[in-house]
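Structural features, examined
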Amino acid sequence: MNIVLMGYMGSGKSLVGNHLAQKLKYVYLDLDHYIEIQENKSIKDIFREHGEIYFRKKESLYLKEVLDKYEDTILSLGGGTPCFSGNLELIKDHENSKNIYLHTSLNELTNRLFAERNKRPLIAHLDTTDDLKDFVRKHLFERSFYYNQADYKVSTDQKDTNQISEEIISLLS
Ligand code: S3P
């Protein structure tokens, strides 16, 4: 079985995915990392040199590749992956795959993302927590439509990585 983690930037997809993979002895894949290896460039540089549309095309291409190629994998998506180019359908139609939305509150996301916004091209230009919060609020409103179509939704607020992983394991068993 493949387990696919989706959710907004800062929702803990990579941390939880990694942890879950160790617990279940699954292979762990992070789609952003996979794209960086294949393109030999950081996500930040891909956005800077080629723009978002190029990134979305590559994201879709590599998502398909990863889903076709790997089994018994925990796959952490990028925050926008399920919201573009039929990617959600691709994930949902994939045989033997369960997808999980890691839901994090607006306040928690704002707190987590403010300190590390420079690493993330979509929010690097936001200078105050108020601006970041407004951006995330609007963005989440648009994206929740996609995230809410996941098979399961797990809240991450006030939980550590281990608690979230245990919750996912019990949902799937
Ligand atoms: C994006 C989220 C990022 C990365 C890219 C775009 C998004 O991944 O894919 O910067 O559109 O939300 P993380 O969610 O892992 O930060």
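Our structure is the block above this text.
About the criteria used
Residues numbered from 1 in each chain as written. Predicted model: local features only at pLDDT ≥ 70, side-chain atom pairs only at ≥ 80, totals over all residues. Heavy atoms only, no water. Near = heavy atom within 4 Å. Polar contact = N/O pair within 3.5 Å; in protein donor to acceptor, adjacent residues only side chain to side chain. Areas by Shrake-Rupley, 256 points an atom, 1.4 Å probe, with all protein chains shown as cover. 1 Å grid on protein atoms, 1.4 Å probe; cavity = no way out; pocket = protein on both sides within 12 Å on 5 of 7 lines; lining within 4 Å. Sits in = over half its atoms within 2 Å of the grid points. Helix = DSSP H or I, 4+ residues; strand = E, 2+ residues; numbered from the N terminus. Nonpolar A, V, L, I, M, F, W, Y, C, P; charged D, E, K, R; others polar.

**Looking at the site of the ligand**
- Around the ligand lies a shell of 14 residues, among which K13, D32, R56, G79 and R143 are the nearest.
- For the ligand, an oxygen atom lies 2.7 Å from a polar atom in the side chain of D32.
- With respect to the ligand, the backbone of G80 contributes an N or O atom lying 3.3 Å from an oxygen atom.
- Protein contacts shield 93% of the accessible area of the ligand, which totals 380 Å² for the unbound molecule.
- Of all the cavities here, the one that holds the ligand is the largest pocket.
- Going through the elements one at a time, α3 (43-50) and α4 (52-69) are the ones with two or more residues in the shell around the ligand.
- Class assignment for the residues of the shell around the ligand results in six nonpolar, three polar and five charged.

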